[in-house]
Amino acid sequence: KYVITIGNDPGRGYKPSDSNHNVVNTKAGAIITTGGKVICWGEEPAGGDPDSTHGNNSVSNGDISSGVVKVFSNQMSFAALKDDGSVSTWGEKLYGGDLSLNNPDWETNLNGSGSPIKHIYSNENTYIALKEDGTTVTWGNNTRIARHPNQSYNGKVKEIFVNENAYAGLLYDG
């Protein structure tokens, strides 16, 4: 007994609207069923039809028909965290709908091998995943902030903070 509506681009200060089971971006929505399946609707380029093979939209890896525990969004894509610690994405490729874009290590970092994903954070254009071992993985619009070669850190990340265009990490050692 829920009604979910989607408006147009809210502009600056955009924050994804989500709860435990339903998530929206600026042009599409997604809901997780009790079986861990994701059902989507809305505009195809923004992730409204993850089964589409047209354009930039199909699920780039994995499967969202079962095992999904949480869905995250940014302006034009979605990322699903699965019960095995892997990530599946769909929607506009430049906004993170394709894990392999600007993320050459995605297969070893986000497919369930190695340390599982603990949580995913998003801003307008990108995603960052915090892994159980305190390391992070980013993907999305590389021209914004997804990966900057001159920014690095030593140590394990405890918590991540987000604004519309950047991330900050609090390390375990302060």
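This one's a predicted model, so the numbers in the text were calculated from it and none came from an experiment. Sequence order as written defines the numbering, with residues in each chain counted from 1. Restriction of local features to residues with pLDDT of at least 70 applies here, the model being predicted, together with a cutoff of 80 or more for giving and counting side-chain atom pairs; totals for whole chains, interfaces and linings are based on all residues. In computing side-chain values, all of the structure's heavy atoms are included and hydrogens and water are not.

1. Focus: the sheet that holds strand β10 (residues 136-140)
By way of backbone hydrogen bonds, the strands of a sheet pair with one another, either parallel or antiparallel. This is how it is decided: Strand pairing is assigned whenever DSSP detects at least two bridges linking the two strands. Only DSSP runs of H or I with at least four residues qualify as helices, and only runs of E with at least two residues qualify as strands; both kinds are numbered from the N terminus onward. In this analysis an axis means a line fitted to C-alpha atoms, helices contributing only their contacting stretch, and an angle means the value between N-to-C directions, from 0 to 180 degrees.
Read from one edge of the open sheet, three strands run β8-β9-β10, paired in antiparallel fashion. Looking at the sheet topology across the chains shown, the edges are occupied by β8 (117-122) and β10. Here the average twist between neighbouring strands, direction ignored, is 20°. As paired strands, β8 and strand β9 (residues 126-131) are joined by five bridges and run antiparallel to one another. The residue of β9 that forms the bridge with His-119 is Leu-130.

2. What to know about the packing of aromatic side chains
For the record, the criterion: What counts as a ring pair is set by centres within 6.5 Å for rings of Phe, Tyr and Trp (its six-membered ring), and what kind of pair is set by the plane angle: stacked under 30 degrees, edge-to-face over 60, tilted for all other angles. Relative accessibility thresholds used throughout: buried, under 20% of the residue-type maximum; exposed, over 50%; partly exposed, between the two (1.4 Å probe, protein chains only).
Applying the stated criterion to the full structure yields two aromatic pairs. With a centroid separation of 5.4 Å and 25° between ring planes, the pair formed by Phe-78 and Trp-90 is classed as stacked. Residue Phe-78 is located in strand β6 (residues 77-82), and its partner Trp-90 is located in strand β7 (residues 87-91); the two are separated by twelve residues in the primary sequence. The burial state of Phe-78 is the same as that of Trp-90; both residues are buried. Between Tyr-127 and Trp-139, the ring centres sit 5.2 Å apart and the planes meet at 15°, which makes this aromatic pair stacked. Of this pair, Tyr-127 sits in strand β9 while Trp-139 sits in strand β10, and the two are twelve residues apart along the sequence. According to the relative accessible area criterion, Tyr-127 is buried, its value standing at 0%.

3. Considering the nonpolar core
This is how the line gets drawn: Side-chain atoms within 4.5 Å link the members of a nonpolar core, which is a set of buried Ala, Val, Leu, Ile, Met, Phe, Trp, Tyr and Cys residues.
Grouped together as the largest cluster of nonpolar side chains are 14 residues, with contacts concentrated most on Ala-30, Val-38, Val-68, Val-71, Phe-78 and Trp-90. Listing elements by their share of this core, those giving two or more residues are β3 (28-32), β4 (38-42), β5 (68-73) and β6. The leading source of residues in this core is β3, at three residues.

Everything listed here is a matter of geometry and, on its own, says nothing about what the molecule does.
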